[in-house]
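Read off the chains here:
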Amino acid sequence: MKLYNTLTKKKEEFVPLQEGKVTMYVCGPTVYNFIHIGNARPMIVFDTVRRYMEYKGYEVNFVSNFTDVDDKIIKKSIEEGVSAEEVSERYIKECKKDMADMNVKPATTHPQATQEIDGMIAMIETLMEKGYAYDVNGTVYFRTRKFEEYGKLSHKNLDDLRSGNRSLLVSGEDQKEDPMDFVLWKPKKEGEPFWVSPWGEGRPGWHIECSVMAKKYLGEEIDIHAGGEDLIFPHHENEIAQSECCNGKTFAHYWLHNGFLNIDNRKMSKSLGNFFTVREIGEQYDLQVLRFFMLSAHYRSPINFSREIMESSKNALERIVTAVSNLTHLAQEAAVDVLSDAEEKLLAEIPVYRKKLEDAMDDDLNTADAISAIFELVKFANTNANDASSGAFVTALKKEIVALSDVLGLQVEKKEENLDAEIEKMIEERQAARKARDFKRADEIRDELLAQGIILEDTREGVKWKRA
Ligand code: AMP
Ligand code: ZN
């Protein structure tokens, strides 16, 4: 499998450090609100990388953090008059719900920054011992000049950056030795959460959190590190500096970054009023549609979100779902079970679509082409399956469409249990209507069910139902 590596600016063949195993770290959200649809992009994209690696037989150790100490969380907690912990715990829970609805698998570990402070203090101490960090009145900085490779990920010209930021030093706003130095530990401010450290009471800088959590749960040297492209500089550049100076090893071998999501071709922002949470979109669409939309573009390209695009994504996904549901129906109704010779020949063509999907995914996760392969298979199924098909034939087609969609984490099978539960609920509602002598409503429900092919029978043991 080839992956585009931001570090080398090339598509490279993926070779894991340990055969058959992948270690992968994805920077997670700061939990001060419901996640927005921009945050959903790295979640869906890198969940798809993970699923594809697992599909290829790798054992994937997938770590994604929650940043649960941050200025925005503190601000929200002050506004609400509750603790920062209450705010972060609430939104971690909500985030996990959104992830489940987008069919994003829970990480192997979801560490939280506030639970890992000891590790952060230990890493900062090591950096100080090695001369890579210095303390100025309770603020600890990383000495970027000492790390010669600083800037290797973002390919930035550091001297330009340095002179651009020099004004900070001149104005005396900062006590840093170099404008590029960044904070590892900051002293507490009144009313903020704090921890005791050798440099006084305070809290960690954002970048050190990820270096520590990646090291603790994955090791000093990992295969893949990922996040949105806005994190390349300074966040990921700083993570590399901290980890490599502390551990003396290459931190991550493949750096993957997703492009940004815009709304109606503009940057998403609260002030422009074009800001959507995943939860808001979930009120209008099944979040499988959002997943489908995200995967219909290449992960490194910018993607534009609009009402029209969501509508066309919904219709496109529906085409797969309908094909699967028709095949289920044909399988139930099939007069013969065994494959005919002609069907056997047709089935021999199926691996072509799987191969197309794999080739697309192997080429730096080309999910758009992978989806096209699924549509070709859907078309093949729609053309070749009919009332005269055998049960074995339509079942094989259905299984393959479901399996290929599953590689992308797309759920295309209407769950039988869900349907059954829905029917039971409607029957209960009808019984309640009858009890209330609302026969009009009771008849309406019976007709609605009939339209779905469900026949009700009133028996002495109660209401029974069967499919027509
Ligand atoms: P944050 O909570 O801001 O730290 O962001 C969490 C993740 O979402 C990071 O990987 C960001 O790069 C990513 N992200 C934030 N906004 C967008 C956006 N509009 N499009 C794509 N990714 C985004
Ligand atoms: Zn990070």
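Definitions and limits used
- Residues numbered from 1 in each chain as written.
- Chains lettered and ligands numbered in written order.
- Predicted model: local features only at pLDDT ≥ 70, side-chain atom pairs only at ≥ 80, totals over all residues.
- Heavy atoms only, no water.
- UniProt positions renumbered as here; feature names shortened; annotations may be inferred.
- Phe/Tyr/Trp six-rings, centres within 6.5 Å; stacked < 30°, edge-to-face > 60°.
- Helix = DSSP H or I, 4+ residues; strand = E, 2+ residues; numbered from the N terminus.
- Buried < 20%, exposed > 50% of the residue type's maximum accessible area, 1.4 Å probe, protein only.
- Donors = N, O, S within 2.8 Å, 3.2 Å for Na, K, Ca; no water.
- Tetrahedral: all angles 85-135°; square planar, octahedral: opposite > 155°, others 65-115°.
- Near = heavy atom within 4 Å.
- Polar contact = N/O pair within 3.5 Å; in protein donor to acceptor, adjacent residues only side chain to side chain.
- Areas by Shrake-Rupley, 256 points an atom, 1.4 Å probe, with all protein chains shown as cover.
- Nonpolar A, V, L, I, M, F, W, Y, C, P; charged D, E, K, R; others polar.
- Contact = heavy atoms within 4.5 Å.

- Labelled according to an unreviewed UniProt entry, the chain appears under the name Cysteine--tRNA ligase, originating from Oliverpabstia intestinalis.
- Per UniProt, the chain carries the Subunit (unreviewed entry) text "Monomer."
- In its Subcellular location (unreviewed entry) section, the UniProt record describing the chain reads: "Cytoplasm".

## Points about the packing of aromatic side chains
1) Next: A complete count under the given rule lists 14 aromatic pairs for this structure.
2) Next: Here the aromatic rings of Y132 and F142 are separated by 6.1 Å at their centres, their planes lie at 10°, and the arrangement is stacked. Of this pair, Y132 sits in the loop between helix 4 (117–129) and strand 5 (133–136) while F142 sits in strand 6 (residues 139–142), placing them 10 residues apart in sequence.
3) Next: Exposure remark for Y132: the relative accessible area of 18% places this residue in the buried category.
4) Next: Note on F142: relative accessible area 0%, which makes it buried.
5) Next: A ring pair is formed by F293 and F305, whose centres lie 5.6 Å apart and whose planes are at 85°; its orientation type is edge-to-face. Residue F293 is found in helix 9 (residues 287–295), and its partner F305 is found in strand 13 (residues 303–305); the two are separated by 12 residues along the sequence.

## A word on the coordination of the zinc ion (ligand 2)
Ideal donor angles around a metal are set by the shape: a four-donor tetrahedron calls for 109.5 degrees, a six-donor octahedron for 90 or 180 degrees.
1) Next: Only C27 (SG), C210 (SG), H235 (NE2) and E239 (OE) from the protein coordinate the zinc ion (ligand 2), and they sit 2.0 to 2.5 Å from it.
2) Next: Around the zinc ion (ligand 2), the 4 donor atoms are arranged such that angles at the metal cover 75 to 128°; this shape is classified as irregular.
3) Next: Here the donor residues of the zinc ion (ligand 2) are spaced in sequence according to C-x182-C-x24-H-x3-E. Taken together, the residues span a long stretch of sequence, with C27 in the loop between strand 3 (21–26) and helix 1 (37–55) and C210 in helix 6 (residues 206–218) at a distance of 183 residues.
4) Next: A relative accessible area of 11% places C27 in the buried class.

## A few points about the site of ligand 1
1) Next: Taken together, 15 residues lie around ligand 1, and T30, G38, G228, D230 and L261 are the ones closest in.
2) Next: Contacts to ligand 1 include G38, whose backbone N or O atom sits 3.1 Å from a nitrogen atom.
3) Next: N258 places a polar side-chain atom, nitrogen or oxygen, 3.4 Å from a nitrogen atom of ligand 1.
4) Next: Coverage of ligand 1 by the protein amounts to 88% of the 490 Å² it exposes when considered alone.
5) Next: When residues of the shell around ligand 1 are assigned to their parent elements, the largest contribution, 3 residues, is made by helix 1.
6) Next: Broken down by class, the residue content of the shell around ligand 1 amounts to 5 nonpolar, 9 polar and 1 charged.

## Quick look at the UniProt feature "binding site: ATP" (unreviewed entry) in the chain
1) Next: Here the UniProt feature "binding site: ATP" (unreviewed entry) sits at K270.
2) Next: Inspection of the secondary structure puts K270 in the loop between strand 12 (266–267) and helix 8 (278–284).
3) Next: The class for K270 is exposed, based on a relative accessible area of 52%.
4) Next: With residues near it in sequence (within four places) discarded, K270 still touches N33 and F275.

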